[in-house]
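Chain residues, written in single-letter form:
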Amino acid sequence: MFTGIVRERGRVAGVAETPHGVRLTVEAPETARDAAVGDSIAVSGVCLTIASAVDGSLAFDAVPETLARSSLGALTAGDEVNLEPALRAGDPLGGHFVQGHVDAVGRVRSTEREADGGVRAWFDGPPEILRYLVEKGSVAVDGVALTVTQLDERGFAVALVPHTLAATTLSALVAGAPINLEVDVLAKYVEKLVRAT
């Protein structure tokens, strides 16, 4: 379980094909300091298990299912990724409940700089996940917990404050770029319970 509060921006050191997918190596000195093989880390919103932790770098194995359901397959050496270690008992819940199970890959529609130094960003996504979004509700974009400010038939808008821009990869958004989307899991449970009655 995660909260969508990014702890570090890591840099992809390598992406190597393996018989079972790809081995993704990320330079992440802060995260690696307290990490161990077998720990779960959200990598741009995708829950992955540490396969190796050496000299400030973490390696993860991404299987074809993960690559098909996320934007990780498009990563190349030098790309930055958002990193969040899994919650531990007693950790504060600063964002919202995030599982690291990407629901869909969306696209950046547009970004617009605001007078306060923030950015208003629009993202497009498939209808099957947009139905779970509500204005002022939660969504995770590349592993970052955000609040939906506006919706239309194609997607949704968020307001990115200067701190979020400084602490995450969302400062580098460009129109057309793929992004990992995860909707609030509580909405899915509510939907299932309502359908059962």
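For every chain, the first residue of the written sequence is number 1, and numbering continues from 1 onward in sequence order. For a predicted model such as this one, the threshold for reporting local features is a pLDDT of at least 70, and the threshold for listing and counting side-chain atom pairs is 80 or more; totals across whole chains, interfaces and linings nevertheless cover every residue. Side-chain measures were taken over the full set of non-hydrogen atoms in the model, leaving aside hydrogen atoms and water.

## Some thoughts on the sheet that holds strand β12 (residues 178-183)
As a reminder of what qualifies: One bridge is not enough; two strands pair if DSSP finds at least two bridges between them. Numbering goes from the N terminus for both helices and strands, where a helix is a DSSP run of H or I of at least four residues and a strand is a run of E of at least two. Angular values range over 0 to 180 degrees, each being the angle between N-to-C directions of two axes fitted as lines to C-alpha atoms, with helices fitted over their stretch in contact.
Taking strand neighbours around the barrel as the criterion, the six strands line up as β7-β8-β11-β10-β9-β12 in a closed arrangement whose pairing is antiparallel. This sheet shows a mean twist of 45° between the axes of neighbouring strands, independent of strand direction. In the sheet, strand β9 (residues 138-141) pairs with strand β10 (residues 144-151) via four bridges, with the strands oriented antiparallel. Note on β10: the bridge partner recorded for A140 is A145.

## Here we look at the sheet that holds strand β2 (residues 21-27)
Spatially, the six strands close up into a barrel ordered β1-β2-β5-β4-β3-β6, and their pairing is antiparallel. Ignoring strand direction, the axes of neighbouring strands in this sheet form an average angle of 45°.

## Quick look at the packing of aromatic side chains
We apply this condition: Ring pairs are drawn from Phe, Tyr and Trp, using the six-membered ring of Trp, whenever the two centres fall within 6.5 Å, and their geometry is named by plane angle: stacked under 30 degrees, edge-to-face over 60, tilted for the rest. Relative accessibility thresholds used throughout: buried, under 20% of the residue-type maximum; exposed, over 50%; partly exposed, between the two (1.4 Å probe, protein chains only).
This model, assessed by the stated rule, comprises one aromatic pair. Here F123 and F156 contribute two aromatic rings whose centre-to-centre distance is 5.5 Å and whose plane-to-plane angle is 45°, an arrangement assigned as tilted. Of this pair, F123 sits in strand β8 (residues 119-124) while F156 sits in strand β11 (residues 155-160), and the two are 33 residues apart along the sequence. Exposure class is identical for F123 and F156. Each is buried.

## So, the nonpolar core
In plain terms, the rule: Residues grouped as a nonpolar core are buried Ala, Val, Leu, Ile, Met, Phe, Trp, Tyr and Cys residues, joined through side-chain atoms within 4.5 Å. Note on contacts: a residue pair qualifies if any of its non-hydrogen atoms lie within 4.5 Å across the two residues.
Counting residues in each nonpolar core, the largest one holds 24 residues, and the members touching the most others are F123, V141, L146, F156, L160 and L173. Only β7 (104-113), β8, α3 (127-130), β9, β10, β11 and β12 provide two or more residues apiece to this core. Discounting chain neighbours no more than four positions away, the residues touching V141 are F123, L146, F156, L170, I179, N180 and L181. Among the nonpolar cores identified, the runner-up in size contains 18 residues, and L24, L48, L72 and L75 belong to it.

## A short note on a nonpolar patch on the surface
Here is the rule we go by: Patch members must show over 30% relative accessible area and no salt bridge, and they are joined within 9 Å when carrying like charges or within 5 Å when they are nonpolar side chains of Val, Leu, Ile, Met, Phe, Trp or Tyr. Residue burial considers only the protein chains on display, and all accessible areas are found by Shrake-Rupley using a 1.4 Å probe. Salt bridges are identified by distance alone: a Lys or Arg side-chain nitrogen within 4 Å of an Asp or Glu carboxyl oxygen.
A contiguous nonpolar patch, built from M1, L93, F97, L186 and Y189 and spanning about 510 Å² of accessible area, is present on the exposed surface. With respect to the helices and strands, Y189 occurs in helix α5 (residues 185-196). Owing to a relative accessible area of 51%, Y189 belongs among the exposed residues under this scheme.

## A few points about unusual backbone geometry
For S44, which is not glycine, the phi torsion reads 50° and is therefore positive. Tracing the chain through its elements places S44 in the loop between β3 (40-43) and β4 (46-54). Positioned with a positive phi, K136 is a non-glycine residue whose angle comes to about 75°. Looking at the secondary structure, you find K136 in the loop between α3 and β9. Classification of K136 by relative accessible area gives exposed; the value is 63%.

## Regarding the side chain of S57
Along the polypeptide, S57 turns up in strand β5 (residues 57-62). Residue contacts for S57: discarding those within four places in its chain leaves T25, V26, E27, A28, A32 and S52.

## Digging into the pattern of salt bridges
All told, the structure shown has 10 salt bridges when counted by the stated rule. For E191, the salt bridge goes to R131, with nearest N and O atoms at 3.1 Å. Remark: R131 occurs in the loop between α3 and β9 and E191 occurs in helix α5; sequence separation between them is 60 residues. Given the relative accessible area of 46%, R131 is considered partly exposed. With its nearest N and O atoms 3.5 Å apart, the salt bridge here joins E191 to R195. Of this pair, E191 and R195 both sit in helix α5, four residues apart, which is roughly one turn of that helix. A single salt-bridge network, built from bridges that share partners, covers R109, D124, D152 and R154.

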